[in-house]
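Close look at the chain arrangement
Spelled out from the first residue to the last, the chains are:
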Amino acid sequence: MSFFFGKGKARQDSEPVCGGTTDNSDRSAPKVITSKQLCYLRTNFYLSTRETENGGHNFDFEVRQDESGAVTAAEKYHSVSSTAEPSLLERLQAVIDKYRLAHNNGEDRITAGLPPEYQPSTFEARYASGEKIYFRCNNEPYSQWAEEIYTIITDHFALSGERSLLRKKEDSQMIRFMLRMRKDAIFTRYSDVNVPQEDAINGETLLLGRDVYNAREKKSICDDLIPFPPDYFAHLMHIIDKYDVVDKYRNSVYDHKAHNLGNHSKGYFGFGIKPEGDDPDLENESVTLHIKYESGTILNISTSKRGEIDGMQPLVTELLQYLGSLFP
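This section reports on the structure supplied with the text. Owing to the predicted nature of the structure, the values given are computational and were not obtained by experimental measurement. (Residues numbered from 1 in each chain as written. Predicted model: local features only at pLDDT ≥ 70, side-chain atom pairs only at ≥ 80, totals over all residues. Heavy atoms only, no water.)

1. A short note on the environment of Gly262
Inspection of the secondary structure puts Gly262 in the loop between α4 (245–251) and β15 (285–293). The spatial distance from the C-alpha of Gly262 to the C-alpha of Ser252 is 9.5 Å, given a sequence separation of 10 residues. Discounting residues that sit within four places of it in the chain, Gly262 has contacts with Val253 and Asp255. (Helix = DSSP H or I, 4+ residues; strand = E, 2+ residues; numbered from the N terminus. Contact = heavy atoms within 4.5 Å.)

2. Some remarks on helix α2 (residues 144–159)
For α2, which comprises 16 residues, the first-to-last C-alpha distance of 23 Å matches the rise-based estimate of 22 Å (1.5 Å per residue) to within 8%. Three or more residues of α2 are buried, namely Trp145, Ala146, Glu147, Ile149, Tyr150, Ile152, Ile153, Thr154, His156 and Phe157. Downstream of α2 by one or two residues, Gly161 has phi in the positive range, about 90°. (Expected span 1.5 Å × (residues − 1). Buried < 20%, exposed > 50% of the residue type's maximum accessible area, 1.4 Å probe, protein only.)

3. Side note on the layout of surface pockets
The space that makes up the largest pocket amounts to roughly 1,400 Å³. Lining of the largest pocket is provided by 40 residues; of these, Arg50, Glu147, Asn251, Ser252 and Gly270 occupy positions nearest its centre. Secondary structure elements with two or more residues in the lining of the largest pocket: α2 and α4. With nine residues, α2 is the single largest residue contributor to the lining of the largest pocket. Looking at the lining of the largest pocket residue by residue, the classes come out as 10 nonpolar, 11 polar and 19 charged. (1 Å grid on protein atoms, 1.4 Å probe; cavity = no way out; pocket = protein on both sides within 12 Å on 5 of 7 lines; lining within 4 Å. Points joined across faces, edges and corners; volume = space filled by probe spheres on them. Nonpolar A, V, L, I, M, F, W, Y, C, P; charged D, E, K, R; others polar.)

4. Some points on the pattern of salt bridges
Under the counting rule described, the total for this entry stands at 23 salt bridges. Glu51 is the salt-bridge partner of Arg167, the closest N and O atoms lying 3.3 Å from each other. With Arg167 in the loop between α2 and β11 (174–183) and Glu51 in the loop between β4 (38–46) and β5 (58–65), the pair connects residues that are 116 residues apart, well separated along the chain. With a relative accessible area of 16%, Arg167 lands in the buried category. Close ionic contact of Arg126 with Glu124 constitutes a salt bridge, the shortest N to O distance being 3.0 Å. A relative accessible area of 2% places Glu124 in the buried class. (Salt bridge = Lys/Arg side-chain N within 4 Å of Asp/Glu carboxyl O.)

5. Topic: the sheet that holds strand β9 (residues 120–127)
Backbone-to-backbone hydrogen bonds pair the strands of a sheet. The strands run either parallel or antiparallel. Judged by pairing direction, the sheet is mixed, and its eight strands sit side by side in the order β3-β8-β10-β9-β4-β5-β6-β7 without closing on themselves. The open sheet has two free edges, formed respectively by β3 (21–23) and β7 (80–84), since each of these has just one partner strand. Taken over all neighbouring pairs, the strand axes of this sheet differ in orientation by 10° on average, direction set aside. Where β4 meets β5, seven bridges bridge the pair, whose relative direction is antiparallel. Paired with Thr43 across the two strands is Phe61, which belongs to β5. Helix α1 (residues 87–98) contacts β4, β5, β6 (71–75), β7, β9 and β10 (132–138) of the sheet and is inclined by roughly 60° relative to β4. (Pairing = 2+ DSSP bridges. Axes fitted to C-alpha atoms, helices over the stretch in contact; angles between N-to-C directions.)

6. Observations concerning the pairing of β15
Burial analysis of β15 places eight of its nine residues in the buried class, which makes it a mostly covered element. Two strands pair when backbone bridges link them, and β15 and strand β16 (residues 298–303) are joined in this way by six bridges, in the antiparallel orientation. Within β16, the position partnered with Lys292 by the bridge is Ile298. Between the antiparallel neighbours β15 and β16 lie four residues, among them Gly296 with a positive phi of about 105°.

7. Quick look at the packing of aromatic side chains
Within this structure, the stated rule accounts for 16 aromatic pairs. On the basis of an interplanar angle of 50° and a centroid distance of 5.9 Å, the ring pair of Phe45 and Phe61 is categorised as tilted. Remark: Phe61 occurs in strand β5 and Phe45 occurs in strand β4; sequence separation between them is 16 residues. Judged by its relative accessible area of 3%, Phe45 is buried. Judged by its relative accessible area of 0%, Phe61 is buried. Through a chain of ring-to-ring contacts, three or more aromatic side chains come together here, namely Phe45, Phe59, Phe61, Phe123, Phe135, Trp145 and Tyr150. (Phe/Tyr/Trp six-rings, centres within 6.5 Å; stacked < 30°, edge-to-face > 60°.)

8. Focus: the sheet that holds strand β13 (residues 206–214)
Taken in spatial order, the six strands of this open sheet run β14-β13-β12-β11-β15-β16, and their pairing is antiparallel. Of all strands in the sheet, those with a lone pairing partner are β14 (219–226) and β16, marking the two edges. Ignoring which end each strand starts from, the neighbouring axes of this sheet average 10° apart. Across the face of the sheet, helix α5 (residues 306–325) comes into contact with β11, β12 (186–194), β13, β15 and β16 while running at roughly 65° to β15.

9. Here we look at the packing of helix α3 (residues 232–242) against α5
Relative orientation of the contacting elements α3 and α5 amounts to 165°, with a least axis distance of 10 Å. Relative to α5, α3 is oriented roughly antiparallel. Regarding α3 and α5, the two cross each other, and that crossing is right-handed. Each of Tyr232, His235, Leu236, Ile239, Ile240 and Lys242 in α3 lies in contact with α5, whose residues at this interface are Leu315, Glu318, Leu319, Tyr322 and Leu323. Of the residues that constitute the contact of α3 with α5, the class distribution is eight nonpolar, one polar and two charged. (Parallel < 35°, antiparallel > 145°, perpendicular 65-115°, else oblique. Left-handed = near helix turned anticlockwise from the far one by under 90°.)

10. Some details on the environment of Ala215
Along the chain, Ala215 turns up in the loop between β13 and β14. The partly exposed category is assigned to Ala215, whose relative accessible area is 29%. A sequence separation of 31 residues divides Ala215 from Asp184, and the C-alpha atoms of the two residues are 8.8 Å apart. Beyond its immediate sequence surroundings of up to four residues, Ala215 is in contact with Ala185 and Phe187.

Written out as structure tokens, the structure is:
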């Protein structure tokens, strides 16, 4: 037997044959909800693109407002809960509107025997007007609406220091960093450079290099080498963490439009908003970051997309200020 929440009470279905589909849909359920005053939401799903600090992908969120107006947010699988501002419900309602989730109202159609990431996902929303949205279907592990609900609720928990629902932070030592960028005819690069013993500085042959080249005039503006400062990687890690670069990288790989893991190869890394239509590469501007950690984590970021470069601007500006300050 299988049990699940929805429509205010648990339901019980006879076990379907593996691979068979059970359809208990209510085709008379309204597809338009007039109220915007959300007072209850509960949904469970599996997200391939998000995970807890322990590597889990299953989530069961509930947000409810009681008669006094107090709001509580909870995640059932991991026993996490806290009070919340009413604005949390407003942000969740915006997701319902954005993805037109009311159009799924009444759907209750699942297939037995699917892999864990496709096991049933249920969504229920209740409104002060008495209106409801309820649907249950085979889970979509790359669902955009589920990703946004996850982000809204886990961001709320993170503000109070609860990070167990977020991917474990990269806390191993950074061991390699390279920044390369182009702006019109000016090419700039900061990276480690191996030099022959005769060019060593203080006996060090692995040095930090800065290379700035003017392609229009075909001449070097500067080409400098210095020993690595003792706190070099620690300082860089602070900047990278400040702008959530690792999480942006990990969370941006899936291309929802193409339904594949090709976002990075197309130049999208979660720094900007991906346009709906054509988004050609810029011909005279690019940013590349290569970062490696002791854990084996590697970030390869390379983009010529306008939105991504604009979104990276505060990060790149702070990196350039620090890196530039190291050279005489």
